[in-house]
Amino acid sequence: MATLTYRDALNQALREEMQRDPNVFLMGEEVGVYQGAYKVSRGLLEEFGPMRVVDTPIAELGFAGVGVGAAMAGLRPVIEFMTWNFAVLALDQIVNSAAKLLYESGGQVPIPIVFRGPNGAALQLAAQHSQAWDAWLSHIPGLKVVAPATPADAKGLLKAAIRDNNPVLVLEGEMLYNVKGEVPDGEHVVPIGQADLKRPGRDVTLVCHSKTVAVALKAAEQLAGREGVSAEVLDLRSLRPLDEAAIVASVAHTNRAVVVEEGWPHAGIGAQVVDVIQREAFDHLDAPVLRVTQADVPMPYNKQLERLAKPSPDRVVAAVRRVLYLD
């Protein structure tokens, strides 16, 4: 085991995959000379050169389209968006090209491409730079979507994404890059589509992913200390495909569930999880499933309002108390 930051785990995954497969290359704004807006590509230009670490103009639609064309030609591009908020400009290539070409070609044209970058709110970046793309992108057939919460999962899921023959979107929580954690030595690949039990429990399941994993774990600690409540924390890791079996198994064990997500409530990831639970685990439920989400507003710039708009351990604890009928 090695202790790495989330950023360094991603860097390690990129380096190892570029060493392993000469068809893998990285392209995006400031990924080369500047070594990435969040320094994820640090050292890669020096090692692999400008043909495989490609700085682009500020033109998301253009370089996303170049990446799709490269994937059609048999290469394995990794396209970095400086933030997923900027990827709204590239949606035509992601949704209408990358997601559909395999289907529309009758299976003849695989699209082995990765789109990755920071997702969701950071600190006071205001409404246009704080959007969580989880539900938007998971809605699209033909795309796989992963959202790692830890350095180990960041490395393992990015490696799996690069090796996949389908378009995979990697949503990297913008506040996670400095988070440290243990990463297994040697080959470490996390299968896409498998959730992970981050904390076992018996009284309630907290379903979460990405930045809300830390929120759920803090809430679980508070519940154990103050209430004597044992909360199970299930990290989805993969949003499409979704590990429905893991969700159902956990709820069947605890009989209650709270879903925690960074995105807006309307048509969110949590709504999909609730559908899975009511469809496959309804008879196990002892209380309605509750959701803790971002406030249903554009993200405020004001620090106090921004904090109130985000999911918090206190809001998760309050939801757990409701499903346990403690209030």
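Remember, predicted model here, so these are calculated numbers, not experimental data. (Residues numbered from 1 in each chain as written. Predicted model: local features only at pLDDT ≥ 70, side-chain atom pairs only at ≥ 80, totals over all residues. Heavy atoms only, no water.)

Peer 1: I'd like to hear about the overall build of the chain, residue by residue, with values.
Peer 2: The helix and strand inventory of the chain stands at 12 helices and 14 strands. For the chain, the C-alpha radius of gyration of 20 Å lies close to 20 Å, the compact-globule estimate for 327 residues. In terms of its C-alpha atoms, the chain occupies a principal-axis envelope of roughly 60 × 45 × 40 Å. Long-range contacts, defined here as pairs at least 24 residues apart, represent 81% of the contacts in the chain between residues at least 6 apart. Accessible surface, the chain as shown: approximately 13500 Å² in total, 56% of it carbon and sulfur. When the 31 positive and 39 negative side-chain charges of the chain are each reduced to one mean point, those points stand 3 Å apart. (Helix = DSSP H or I, 4+ residues; strand = E, 2+ residues; numbered from the N terminus. Rg over C-alpha atoms; globule rule 2.2 N^0.38 Å. Contact = heavy atoms within 4.5 Å. Areas by Shrake-Rupley, 256 points an atom, 1.4 Å probe, with all protein chains shown as cover. Lys, Arg positive; Asp, Glu negative; His and termini not counted. Charge placed at Lys NZ, Arg CZ, Asp CG, Glu CD.)

Peer 1: Explain the sheet that holds strand β10 (residues 204-208) to me, and be specific about the residues and the numbers.
Peer 2: Strand order in this open sheet of 5 strands is β9-β11-β10-β13-β14, and the pairing throughout is mixed. Here the strands that pair on one side only, and so sit at the sheet edges, are β9 (196-199) and β14 (290-292). On average, adjacent strands in this sheet sit at an angle of 25 degrees to one another, irrespective of strand direction. As judged from the 5 bridges shared by β10 and strand β11 (residues 231-235), these two strands associate in the parallel manner. Paired with L206 across the two strands is V233, which belongs to β11. Across the face of the sheet, helix α10 (residues 269-280) comes into contact with β10, β13 (257-260) and β14 while running at roughly 155 degrees to β13. (Pairing = 2+ DSSP bridges. Axes fitted to C-alpha atoms, helices over the stretch in contact; angles between N-to-C directions.)

Peer 1: An account of the layout of surface pockets is requested, with residue identities and associated values reported.
Peer 2: In this model, the largest pocket occupies a volume close to 520 Å³. Lining the largest pocket are 19 residues, with M175, K211, V215, K310 and P311 sitting closest to its centre. Of all the secondary-structure elements, those providing two or more residues to the lining of the largest pocket are α8 (212-227) and α11 (303-309). Per-element tally for the lining of the largest pocket: the top contributor is α8, with 4 residues. (1 Å grid on protein atoms, 1.4 Å probe; cavity = no way out; pocket = protein on both sides within 12 Å on 5 of 7 lines; lining within 4 Å. Points joined across faces, edges and corners; volume = space filled by probe spheres on them.)

Peer 1: An account of unusual backbone geometry is needed here, citing residue identities and associated values.
Peer 2: A cis amide bond links R240 with the next residue in sequence, P241, at an omega value of 5 degrees. Assignment of secondary structure puts P241 in the loop between β12 (238-240) and α9 (244-254). Within the chain, K39 stands out as a residue other than glycine whose phi angle is a positive 60 degrees. Relative to the helices and strands, K39 resides in the loop between β2 (24-28) and α2 (44-48). The class of K39 is partly exposed, set by a relative accessible area of 26%. (Buried < 20%, exposed > 50% of the residue type's maximum accessible area, 1.4 Å probe, protein only.)

Peer 1: Can you lay out the nonpolar core for me, pointing to particular residues and giving the numbers?
Peer 2: F81, W84, I94, F115, V273 and I277 are the most contacted members of the largest nonpolar core, which has 46 residues in total. In this view, F115 contacts A64, V68, I79, F81, W84, I94, A98, V168, L169 and V170; residues no more than four positions away in its chain are not counted. Within the second largest apolar cluster, 28 residues are counted, among which are A13, A160, V168 and Y177. (Core = buried A, V, L, I, M, F, W, Y, C linked by side-chain atoms within 4.5 Å.)

Peer 1: I'd like a rundown of the packing of α8 against helix α12 (residues 313-323), residues and numbers included.
Peer 2: Orientation of α8 relative to α12, taken along the N-to-C sense of each, is 55 degrees, at an axis distance of 8 Å. Relative to α12, α8 is oriented oblique. Taken as a pair, α8 and α12 cross one another with a handedness that is right-handed. Counted together, V215, K218, A219, Q222, L223, R226 and E227 of α8 and P313, D314, V316, V317, V320 and R321 of α12 form the full contact between these two elements. (Parallel < 35°, antiparallel > 145°, perpendicular 65-115°, else oblique. Left-handed = near helix turned anticlockwise from the far one by under 90°.)

Peer 1: Could you give an account of the environment of G117, with specific residues and numbers?
Peer 2: Mapped onto the fold, G117 is located in strand β5 (residues 114-119). Of the residues examined, G117 reaches a relative accessible area of 0% and is grouped as buried. Sequence separation between G117 and A37 is 80 residues; the distance between their C-alpha atoms is 9.6 Å. Apart from the residues lying within four places of it in its own chain, the contact partners of G117 are F81, W84, V170, L171, E172 and Y177.

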